[in-house]
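A structural walkthrough
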Protein chains: 4
Amino acid sequence: MPRRHDPERRQRIIDAAIRIAEAKGIAGLSHRTVAAEADVPLGSTTYHFASLDDLLIAALEQVNSQPRCAVIGWEDGLTAVGIPGGVPLADALTQLLEEYAHGGRGRIRLEYELYLAALRRPRLQPLAAGCVDEMTEMIGRHTSDLATARVLVALIDGLLLQLLLTDRPFDRAEVRAALARVTGER
Amino acid sequence: MPRRHDPERRQRIIDAAIRIAEAKGIAGLSHRTVAAEADVPLGSTTYHFASLDDLLIAALEQVNSQPRCAVIGWEDGLTAVGIPGGVPLADALTQLLEEYAHGGRGRIRLEYELYLAALRRPRLQPLAAGCVDEMTEMIGRHTSDLATARVLVALIDGLLLQLLLTDRPFDRAEVRAALARVTGER
Amino acid sequence: MPRRHDPERRQRIIDAAIRIAEAKGIAGLSHRTVAAEADVPLGSTTYHFASLDDLLIAALEQVNSQPRCAVIGWEDGLTAVGIPGGVPLADALTQLLEEYAHGGRGRIRLEYELYLAALRRPRLQPLAAGCVDEMTEMIGRHTSDLATARVLVALIDGLLLQLLLTDRPFDRAEVRAALARVTGER
Amino acid sequence: MPRRHDPERRQRIIDAAIRIAEAKGIAGLSHRTVAAEADVPLGSTTYHFASLDDLLIAALEQVNSQPRCAVIGWEDGLTAVGIPGGVPLADALTQLLEEYAHGGRGRIRLEYELYLAALRRPRLQPLAAGCVDEMTEMIGRHTSDLATARVLVALIDGLLLQLLLTDRPFDRAEVRAALARVTGER
DNA sequence: GATGAATGAGAATTCATTCAT
DNA sequence: TATGAATGAATTCTCATTCAT
């Protein structure tokens with residue numbers, strides 16, 4: 001019984017693609033795996049997405065728009081507390097990273113896979129660069145200058161990368177100290 | 001034209017794999033592409049390397065052993081100058097990164113691809129982790145404590161990653177300032 | 001010459017697989033040999049059957065459903081004659097085996113190959129066991145108890161196996177006598 | 001350190017081949033698997049056996065010569081007891097089958113694989129036929145006539161086959177009763 | 001004698017994409 | 001509009017055998 005009108009099918013396919021990408025990596029994406037995961041006919045994936053690249057991009061765009069929500073929630077909390085005399089940025093970032101790290105490695109891994117995939121696929125580069133820029137901009141709203149924000153983003157990326165690679169547990173004090181060196185906080 | 005005796009066959013295959021990996025990424029490695037690049041029959045690659053993973057690891061090990069030489073050269077220079085009252089570490093690292101960045105993006109890209117590929121392929125993880133450790137240890141020889149070295153490595157990783165992703169040119173002053181924040185140099 | 005629409009493709013592949021299995025044995029089955037025999041592209045066999053095992057099973061199921069027809073025909077004749085005071089079972093079975101033996105060795109061979117292949121491939125075991133059970137049940141309908149039927153089936157299997165292995169011609173009297181020992185008929 | 005003179009190497013290869021065939025089936029035999037199992041260089045297997053078929057035959061010949069020892073032991077016991085007024089044949093055979101069945105399925109499976117392989121490979125046929133003949137001859141020494149022995153061998157083959165296929169446990173009483181029908185013992 | 005490198009064919013699968021329906 | 005059959009290239013890997021050393 002083919003569901004003729006299934007307006008959410010496109011979205012279901014994207015969601016399935018994200019699940020696959022988190023679980024098996026970007027390289028694990030294929031029309032077949034996605035169709036199976038989404039429980040839609042094979043032809044449906046090629047119908048809604050002209051090529052596999054299109055599907056990948058749609059999935060990654062959605063991934064990139066979602067975690068921002070979490071970060072924005074974080075930022076709201078930060079703002080509410082108030083910057084001057086409020087929570088030190090290093091503390092706030094440390095907490096964000098901790099949540100991030102504990103929120104399942106799947107999502108972070110996927111984000112870094114995006115970075116790397118972008119190195120080879122030009123169409124992904126704007127996405128990855130936008131990711132960095134957005135983060136920089138957001139952090140920049142809480143630093144005295146943009147240069148500091150850029151350094152913080154680089155440091156955060158490096159720290160997360162190491163976290164993923166080494167299986168060392170998240171060391172709050174160490175991360176906090178590292179960030180504080182850059183923010184100049186004590 | 002059967003080349004029945006070819007004592008350097010194995011090494012030639014590894015070299016070809018590195019060229020492929022630099023040019024097309026780790027994902028571009030396949031028995032076929034490597035065999036073609038090395039100008040050997042397809043079966044030869046599977047004879048010398050039981051699985052593609054084995055070949056990939058052999059190639060990456062070789063890649064990882066080479067750049068160290070460059071870095072060691074750098075370190076020798078640094079040592080020669082002498083640390084106390086000598087070249088500030090931030091300056092030395094900045095110069096190293098600059099050389100690294102200008103030395104063709106292929107090699108850096110490959111290194112970061114290694115990092116990220118390790119996220120999905122357990123057998124690569126020791127390689128990637130060893131890469132980080134080695135770098136940390138080396139830098140640690142020029143810092144007062146290891147914690148500082150770890151932060152520096154994270155920062156360097158983040159900076160190089162951004163460099164690769166954004167196509168922004170290498171900004172010596174900015175990088176130098178970022179590093180100085182961590183080393184505490186003025 | 002692309003035959004894009006071919007509604008009986010799946011069945012043709014199964015038929016080809018049976019021909020191959022009869023002619024070259026189960027070990028002779030491969031995507032390639034079947035595709036060539038069925039005159040379809042290689043990819044077509046893997047499209048319709050996710051794995052070679054699936055194809056093998058589909059083929060053997062079809063094989064197993066066919067000879068039953070012959071046996072059922074035999075059974076009908078037997079019933080018509082009537083058991084009490086009718087044709088002795090040993091005579092009827094002898095005639096069945098003779099027809100079976102003369103009906104080309106391909107089919108019997110294939111059946112015994114199924115048995116033996118089941119020893120190594122768990123997925124085939126239900127098929128082979130079902131084959132034995134069905135035969136037992138059918139013969140059981142003409143014996144006083146099931147134990148006798150089981151012994152008869154074992155004996156029949158052994159006799160056919162010897163027939164295949166030794167190239168001795170079918171000896172009606174000998175087979176009849178062997179069966180009669182078990183049925184208790186004189 | 002190549003062992004130049006290793007007079008038992010040939011035998012070690014055969015033994016390894018038997019282990020492989022028992023564990024993975026005849027289809028699991030290859031120069032490589034055998035060389036690995038025997039811990040000899042690959043070239044050694046092709047040196048001592050011109051083709052894989054030669055190796056297979058050598059292995060199966062050895063297999064066929066070994067279990068006979070067990071059977072001969074059994075026969076000796078049987079003879080000792082004495083036939084006339086001694087142990088009924090059905091009992092003795094039942095015990096033999098029981099030991100056989102409990103002695104690990106690997107060996108029986110291999111024997112039946114030999115039968116089946118013989119169906120397709122002419123060079124194996126003498127081996128398989130000889131196996132049957134030998135068994136017939138041996139049993140014939142304890143029956144009044146050869147016809148009875150032939151029937152017994154067929155029945156035994158069928159019973160063992162069913163045992164392997166159905167995973168039903170060995171039922172001593174049932175087997176004994178089946179054999180007794182043929183031997184005429186009560 | 002003995003060995004291991006070499007080779008080309010073939011194995012099972014997976015796949016992106018096209019296209020008739 | 002939607003689908004699933006179809007296809008041919010490409011994937012990794014195994015292998016029997018040959019042959020230079």
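Residues numbered from 1 in each chain as written. Chains lettered and ligands numbered in written order. Predicted model: local features only at pLDDT ≥ 70, side-chain atom pairs only at ≥ 80, totals over all residues. Heavy atoms only, no water.

**Side note on the overall build of chain A**
Cut-off, in case you're wondering: The helix and strand labels rest on DSSP assignments: H or I over at least four residues marks a helix, E over at least two residues marks a strand, and numbering proceeds from the N terminus. Working definition: with a 1.4 Å probe on protein chains only, accessible area under 20% of the residue-type maximum means buried, over 50% means exposed, and in between means partly exposed. By definition, residues are in contact when any of their heavy atoms lie within 4.5 Å. Surface accessibility in these figures is a Shrake-Rupley result with a 1.4 Å probe; residues are shielded only by whichever protein chains are displayed.
Counting secondary structure elements, chain A contains 9 helices and 0 strands. N-terminal to C-terminal, the α/β element order of chain A is α-α-α-α-α-α-α-α-α. Here chain A holds 186 residues, and the buried ones make up 50% of them. Sequence separation of at least 24 residues holds for 64% of the intrachain contacts in chain A that already meet a minimum separation of 6. Just so you have it, chain A exposes about 8,800 Å², and 56% of that area is on carbon and sulfur atoms.

**Remarks on the protein's contact with DNA strand F**
The test is simple: Proximity criterion: a residue is near a molecule or strand once any of its heavy atoms comes within 4 Å of it. Each polar contact in these results corresponds to two N or O atoms within 3.5 Å; when the atoms are within protein, one needs to be able to donate a hydrogen and the other to accept it, and residues that are neighboring in sequence are counted only if both atoms are side-chain atoms.
The environment of DNA strand F is made up of 33 residues, and the closest members are A:Pro41, B:Arg32, C:Arg9, C:Tyr47 and C:His48. Taking the atoms of DNA strand F that fall within 4 Å of the protein, sugar and phosphate contribute 66% of them. Here a phosphate oxygen of DNA strand F sits 3.1 Å away from a polar atom, N or O, in the main chain of B:His31. Between C:Asp6 and DNA strand F, the recorded distance is 2.9 Å, taken from a backbone N or O atom to a phosphate oxygen.

**Comments concerning the relation of the copies chain B and chain A**
Under the convention used in this document: When the copies are overlaid, the least-squares fit takes in C-alpha atoms only where the residue has pLDDT of at least 70 in both copies.
Once turned by 180° and shifted 0.3 Å along the axis, chain B lies on chain A with an RMSD of 0.3 Å. Here the transformation between the copies is reduced to the relation of a two-fold axis. Most of the interface of chain B is mirrored in chain A, where 97% of its interface residues are also at the interface.

**Details of the relation of the copies chain D and chain C**
Mapping chain D onto chain C leaves a residual RMSD of 0.3 Å; the transformation is a rotation of 179° accompanied by 0.2 Å of translation along its axis. With an isologous cut-off of 70% or more, the 97% of interface residues of chain D that recur at the interface of chain C puts this contact in the isologous class.

**Overview of the protein's contact with DNA strand E**
This is how the line gets drawn: Each residue receives one of three labels: charged for Asp, Glu, Lys and Arg, nonpolar for Ala, Val, Leu, Ile, Met, Phe, Trp, Tyr, Cys and Pro, and polar for the others, Gly being one of them.
Of all residues adjacent to DNA strand E, which total 32 residues, the nearest are B:Arg9, B:Tyr47, B:His48, C:Arg32 and D:Pro41. Backbone atoms, meaning sugar plus phosphate, form 69% of the atoms of DNA strand E positioned within 4 Å of the protein. Note that a phosphate oxygen of DNA strand E is positioned 2.3 Å from one of the side-chain N or O atoms of B:Tyr47. Within the contact set of DNA strand E, a phosphate oxygen lies 2.8 Å away from a side-chain nitrogen or oxygen of D:Arg9. Taken together, the elements giving at least two residues each to the surface near DNA strand E come down to helix H2 (31–38) of chain A, helix H3 (42–48) of chain B, helix H2 (31–38) of chain C together with helix H3 (42–48) of chain D. Each residue belonging to the surface near DNA strand E can be placed in one class, and the counts come to 8 nonpolar, 14 polar and 10 charged.

**Some words on the interface of chain D and chain C**
The cut-off we apply is this: Buried area is calculated as the accessible area (1.4 Å probe) missing from two parts once they are joined, with the contributions of both summed. By salt bridge we mean one thing: a side-chain nitrogen of Lys or Arg within 4 Å of a carboxyl oxygen of Asp or Glu.
Tallying the contact residues gives 39 residues for chain D and 38 residues for chain C. Summed over both sides, the interface of chain D with chain C buries roughly 3,400 Å², with 61% coming from carbon and sulfur. Sorting the residues of chain D by area buried against chain C places D:Arg120, D:Leu165 and D:Arg181 first, and these three jointly supply 24% of that buried surface. Linking chain D to chain C there are 4 salt bridges.

**What to know about the packing of helix H7 (residues 125–140) of chain C against helix H8 (residues 146–166) of chain C**
All names here are of chain C. Cut-off, in case you're wondering: Under this scheme, a helix contributes an axis fitted over its contacting stretch, all axes are lines through C-alpha atoms, and angles between N-to-C directions fall in the 0 to 180 degree range. For classification purposes, an angle smaller than 35 degrees is called roughly parallel, one larger than 145 roughly antiparallel, one from 65 to 115 roughly perpendicular, and anything else oblique. By definition, any crossing whose near helix is turned counterclockwise from its far helix by less than a right angle is left-handed, and any crossing with a clockwise turn is right-handed.
Relative orientation of the contacting elements H7 and H8 amounts to 125°, with a least axis distance of 8 Å. With respect to their mutual orientation, H7 and H8 come out oblique. Every pair of crossing elements has a handedness; the one defined by H7 and H8 is right-handed. Every residue of H8 that contacts H7 at Val132, Met135, Thr136, Ile139 and Gly140 is listed here: Leu146, Ala149, Arg150, Leu152, Val153 and Ile156. Here the residues of the contact of H7 with H8 sort into 8 nonpolar, 2 polar and 1 charged.

**What about unusual backbone geometry?**
Phi is positive for B:Asp39, close to 60°, though the residue is something other than glycine. Mapped onto the elements, B:Asp39 comes out in the loop between helix H2 (31–38) and H3.

**Notes on helix H5 (residues 89–102) of chain A**
The test is simple: Multiplying 1.5 Å by the residue count of a helix minus one yields the expected span of that helix.
Here H5(A) is 14 residues long and its end C-alpha atoms lie 20 Å apart, about the 20 Å a rise of 1.5 Å per residue gives. A:Leu89, A:Ala90, A:Ala92, A:Leu93, A:Thr94, A:Leu96, A:Leu97, A:Glu98 and A:Ala101 are the residues of H5(A) that are buried.

**Describing the pattern of salt bridges**
Two side chains carrying opposite charge are able to pair once their charged atoms lie near each other. Using the criterion set out here, one finds 39 salt bridges over all chains in the structure. For A:Arg176, the salt bridge is made with A:Asp91, and the minimal N-O distance between the two is 2.8 Å. Pair noted here: A:Arg176 is in helix H9 (residues 172–183) and A:Asp91 is in helix H5, with a separation of 85 residues, a long-range link. The partner of D:Glu113 in a salt bridge is C:Arg120, and the shortest N-O contact between them spans 3.1 Å. In this pair, D:Glu113 is assigned in helix H6 (residues 105–120) and C:Arg120 in helix H6 (residues 105–120), connecting two distinct chains.

**Some points on the interface of chain B and chain A**
Contacts between chain B and chain A engage 38 residues on the former and 38 residues on the latter. Buried surface at the junction of chain B and chain A, summed over both partners, amounts to about 3,400 Å²; 61% is from carbon and sulfur atoms. Among the residues of chain B in contact with chain A, B:Arg120, B:Leu165 and B:Arg181 are the three that bury the most area, contributing 24% of the side total. Between chain B and chain A we count 18 residue pairs in polar contact (both at pLDDT 80 or more) in total. Elements with a contribution of two residues or more to the side of chain B that touches chain A: helix H1 (9–24), helix H6 (105–118), helix H7 (125–140), helix H8 (146–166) and helix H9 (172–183) of chain B. At 14 residues, the largest contribution of residues to the side of chain B that touches chain A is made by H8(B). Classifying every residue of the side of chain B that touches chain A by side-chain character gives 21 nonpolar, 5 polar and 12 charged.

**Brief notes about the environment of B:Val151**
Structurally, B:Val151 is set in helix H8. With 32 residues separating them in the primary sequence, B:Val151 and B:Thr183 have C-alpha atoms 9.2 Å apart. Discounting chain neighbours no more than four positions away, the residues touching B:Val151 are A:Leu155, A:Ala178 and B:Val182.

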